[in-house]
Amino acid sequence: MELLLGDRRYDVATRALVMGVLNRTTDSFYDKGAFYEMDRFLGRAEQLVDEGADILDVGGVKAGPGPEVTEEEELDRVIPAVEALRARFDIPISADTWRASVAKAAYEAGAVVGNDISGFADPDYLAVAADAGATVVATHIRLRPRERDLEPVYPGGVVHDVRAFLADRAHRAEAAGIPKQRIVIDAGLDLGKTTPQSVVLLRESRRLAELGYPLLLSASNKTFLGQLLGLEIGERRDASLAAAALGIAGGCRVLRVHDVKGTRRVRDVLDAVLAAPA
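Residues numbered from 1 in each chain as written. Predicted model: local features only at pLDDT ≥ 70, side-chain atom pairs only at ≥ 80, totals over all residues. Heavy atoms only, no water.

Asks: So what about the sheet that holds strand β10 (residues 252-257)? Which residues, and what values?
Replies: Taken in spatial order, the eight strands close into a barrel running β3-β4-β5-β6-β7-β8-β9-β10, and their pairing is parallel. If you compare each strand with its neighbour and ignore which way they point, the axes differ by 25° on average. Bridge count for strand β5 (residues 93-96) against strand β6 (residues 113-116) is three bridges, and the pairing is parallel. Pairing of Ser 94 across the sheet is with Val 113, part of β6. Sheet contacts for helix α5 (residues 158-175): β7 (135-139) and β8 (183-186); angle to β8, the most-contacted strand, approximately 160°. Those strands touched by helix α9 (residues 237-249) are β9 (215-217) and β10, and its axis lies near 160° from that of β10. (Pairing = 2+ DSSP bridges. Helix = DSSP H or I, 4+ residues; strand = E, 2+ residues; numbered from the N terminus. Axes fitted to C-alpha atoms, helices over the stretch in contact; angles between N-to-C directions. Contact = heavy atoms within 4.5 Å.)

Spelled out as structure tokens, the structure:
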């Protein structure tokens, strides 16, 4: 399996890539705005790169409920950040946005990935990515970003319904002119899923990977891990690493994480195991 990010090619048949999370938000569920200021943001980026991040993922609006962030505000947060990262680091940059206008500006600033948790709800999103030659991440979500989904129901079962949704979004991306090697899928753990539903999706990662697109795992420090073990956000590191290991074994090939150093170690062990001769 091959993944294209900008002009780079990655063999992800057995090797996963580590995507470091960079928030330029004032209310991130994890860092609570600790890296909103540009100097602290860039310091955090340097740390993630030094720890071995393969990709940097920049977001200006958190996924969960919160105060409105206008398109102009999101642009002001994301675009200078992408420009600064592009000037400093030789590493693929991803824009975590569901707005086509923000994605377009991010591509012009140097990003090569559009990470969209809305499942391409913006009708212009795929055309913008295709025109830019960008890679896209299709994420499953039941409602819309920032909306509470307290009682999610999946008539066909959560794995079946999420799988069908992701297959549909990936096919839409191909129909828009995006090559298969530039399409990534993500089950969207915690996004319109109960803790048991997220756990089942993580366990059944292989069924999603069988669709034939690189599978992204975004489990780092998420609510379902905290609820499983009764852990606050700052206590979920070990649980996040366990989820990463299980995800890689189940076919996940991009890991979106806060702890790049720890995840790299997990990835390197699993890489050696999966690549070992029979």
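Asks: Requested: an account of the environment of Asp 11, with residues and values cited.
Replies: Relative to the helices and strands, Asp 11 resides in strand β2 (residues 8-11). The spatial distance from the C-alpha of Asp 11 to the C-alpha of Pro 152 is 36 Å, given a sequence separation of 141 residues. Among the polar contacts listed, one links the side chain of Asp 11 to the backbone nitrogen of Ala 13, at a separation of 3.0 Å. (Polar contact = N/O pair within 3.5 Å; in protein donor to acceptor, adjacent residues only side chain to side chain.)

Asks: Outline α5, supporting the account with residue identities and numerical values.
Replies: One turn of the α-helix equals 3.6 residues, which is why residues spaced by three or four share an orientation. Compared with an ideal rise of 1.5 Å per residue, which puts 18 residues at 26 Å, α5 spans 26 Å between its outermost C-alpha atoms and is within 8% of the ideal. Taken together, the buried positions of α5 are Val 158, Val 159, Asp 161, Val 162, Phe 165, Leu 166, Ala 167, Arg 169, Ala 170 and Ala 173. Elements that come into contact with the buried residues of α5 comprise α4 (125-132), β7, β8, α6 (195-203) and α7 (205-209). Positive phi shows up at Gly 177, right after α5, with a value of about 100°. (Expected span 1.5 Å × (residues − 1). Buried < 20%, exposed > 50% of the residue type's maximum accessible area, 1.4 Å probe, protein only.)

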